[in-house]
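If you want the building blocks of each chain, they are given just below.
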Amino acid sequence: MKKIKLDIVGLSYSQTQSGAYALVLGEVSGRRRLPIIIGSFEAQAIAIEIEKMTPSRPLTHDLFKSLGQAFNISVQEVVIYNLVDGIFYAKLICFDGKKTVEIDARTSDAIAVSVRFDCPIYTYEFILSTAGIVIEGNDFVYLENINEAADEKSSTAAAAGTYTSLSEDELKSKLQEALIEEAYEKAAKIRDELNKRKSS
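Identification of the chain as BFN domain-containing protein from Mucilaginibacter pallidiroseus is taken from an unreviewed UniProt entry.

Written out as structure tokens, the structure is:
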């Protein structure tokens with residue numbers, strides 16, 4: 001199966017799940033985005049490394065990197081290889097100079113490790129076509145400060161459960177609005193509702 005390379009294009013406070021964050025991965029050679037809900041600890045671990053901040057003591061993912069380097073183990077790539085019941089599955093492809101080993105990991109942890117080892121992130125077409133969102137027009141790279149984001153409130157959390165009462169045309173209109181606002185998580189929920197209606 002051909003792998004598709006992804007980049008981190010966004011990290012923001014979740015609009016639908018309290019205490020969670022939306023990590024948005026973007027297709028390097030295309031316009032699709034893959035929103036993944038992650039915990040606050042993993043969001044902080046990713047943001048700290050991307051923003052090149054130095055915590056007073058090593059975080060768990062920093063410890064993993066130090067341990068790997070001490071024993072000459074490198075992480076060559078991260079692969080998001082499956083999606084089951086809305087849960088993404090990932091693995092680290094590690095190399096010690098002699099053999100390659102695949103290690104199963106939560107997707108959020110795998111990405112936090114990938115930014116420390118500066119290794120590429122990949123997925124497969126079936127995952128992007130199932131859970132991805134297509135972006136039209138110009139898009140922008142953004143990374144919100146997660147410490148400030150925790151204070152933000154959004155009315156979309158309350159509105160999340162109302163998608164079932166909307167018509168298909170209304171849903172399509174709301175999907176376009178969400179994409180323009182770069183509210184990828186909200187767009188994913190609307191897309192899921194549209195897909196549910198197509199399959200029934």
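From this point, the discussion proceeds with the structure in view.
J.: Requested: an account of the overall build of the chain, with residues and values cited.
T.: Assigned secondary structure in the chain consists of eight helices and eight strands. Among the 200 residues that make up the chain, the fraction classed as buried is 44%. Counting only contacts in the chain whose residues sit at least 6 apart along the sequence, the fraction spanning at least 24 positions is 59%. Carbon and sulfur atoms form 51% of the exposed surface of the chain, whose accessible area is close to 11100 Å².

J.: So what about the sheet that holds strand β8 (residues 133-134)? Which residues, and what values?
T.: Strands belonging to one sheet form pairs held by backbone hydrogen bonds; the direction of such a pair is parallel or antiparallel. Spatial strand order, β6-β5-β4-β7-β1-β2-β3-β8: eight strands in an open sheet with mixed pairing. The open sheet has two free edges, formed respectively by β6 (100-106) and β8, since each of these has just one partner strand. By the bridge criterion, two bridges tie strand β3 (residues 32-39) to β8 in an arrangement that is antiparallel. Each bridged residue has a counterpart across the sheet, and for R32 the counterpart in β8 is V134. Where helix α3 (residues 107-117) meets the sheet, it contacts β1 (3-13), β2 (20-27), β3, β4 (74-84), β5 (87-95), β6 and β7 (121-124), and its direction lies at approximately 155° from that of β4.

J.: Summarise the packing of helix α2 (residues 60-70) against α3; cite the residues concerned and give the values.
T.: For any two helices packed against each other, one specifies the crossing angle of their axes together with the interaxial distance. For the pair α2 and α3, interaxial distance at closest approach is 9 Å and the crossing angle is 55°. Here α2 is positioned oblique relative to α3, judged by the angle of their axes. Taken as a pair, α2 and α3 cross one another with a handedness that is right-handed. Here α2 contributes H61, D62, F64 and K65 to the contact with α3, which in turn contributes D109, A112, V113, R116 and F117.

J.: Explain the pairing of β2 residue by residue, including any values.
T.: With eight of its eight residues buried, β2 lies for the most part within the structure. Bridge analysis of β1 against β2 gives seven bridges, and the strand direction is antiparallel. Bridged to L11 within β2 is L23. Remark: four residues form the turn of the hairpin made by β2 and β3, two consecutive strands paired antiparallel.

J.: A description of the packing of helix α1 (residues 40-50) against α3 should follow, citing residues and the corresponding values.
T.: Between α1 and α3, whose axes approach to 9 Å, the crossing angle comes to 15°. One finds that α1 runs roughly parallel with respect to α3. The chirality of how α1 crosses α3 is left-handed. Note on element contacts: α3 touches α1 through S108, D109, I111, A112, V115 and R116, opposite E42, A45, I46, E49 and I50. In terms of residue class, the contact of α1 with α3 is made up of six nonpolar, one polar and four charged.

J.: Explain the pattern of salt bridges residue by residue, including any values.
T.: Under the criterion given, the structure shown has nine salt bridges. For K3, the salt bridge identified is with E77, shortest N-O distance 2.5 Å. One end of the pair, K3, is in strand β1; the other, E77, is in strand β4, with 74 residues separating them in the sequence. Residue class for K3 comes out partly exposed when judged on its relative accessible area of 33%. E42 is the partner of R106 in a salt bridge, and the nearest nitrogen-oxygen pair spans 2.3 Å. Here R106 is found in strand β6, whereas its partner E42 is found in helix α1, with 64 residues between them in sequence. In the salt-bridge network here, residues are joined through shared partners; they are E27, R32 and E125.

What counts, and where the lines are drawn
Residues numbered from 1 in each chain as written. Predicted model: local features only at pLDDT ≥ 70, side-chain atom pairs only at ≥ 80, totals over all residues. Heavy atoms only, no water. Helix = DSSP H or I, 4+ residues; strand = E, 2+ residues; numbered from the N terminus. Buried < 20%, exposed > 50% of the residue type's maximum accessible area, 1.4 Å probe, protein only. Contact = heavy atoms within 4.5 Å. Areas by Shrake-Rupley, 256 points an atom, 1.4 Å probe, with all protein chains shown as cover. Pairing = 2+ DSSP bridges. Axes fitted to C-alpha atoms, helices over the stretch in contact; angles between N-to-C directions. Parallel < 35°, antiparallel > 145°, perpendicular 65-115°, else oblique. Left-handed = near helix turned anticlockwise from the far one by under 90°. Nonpolar A, V, L, I, M, F, W, Y, C, P; charged D, E, K, R; others polar. Salt bridge = Lys/Arg side-chain N within 4 Å of Asp/Glu carboxyl O.

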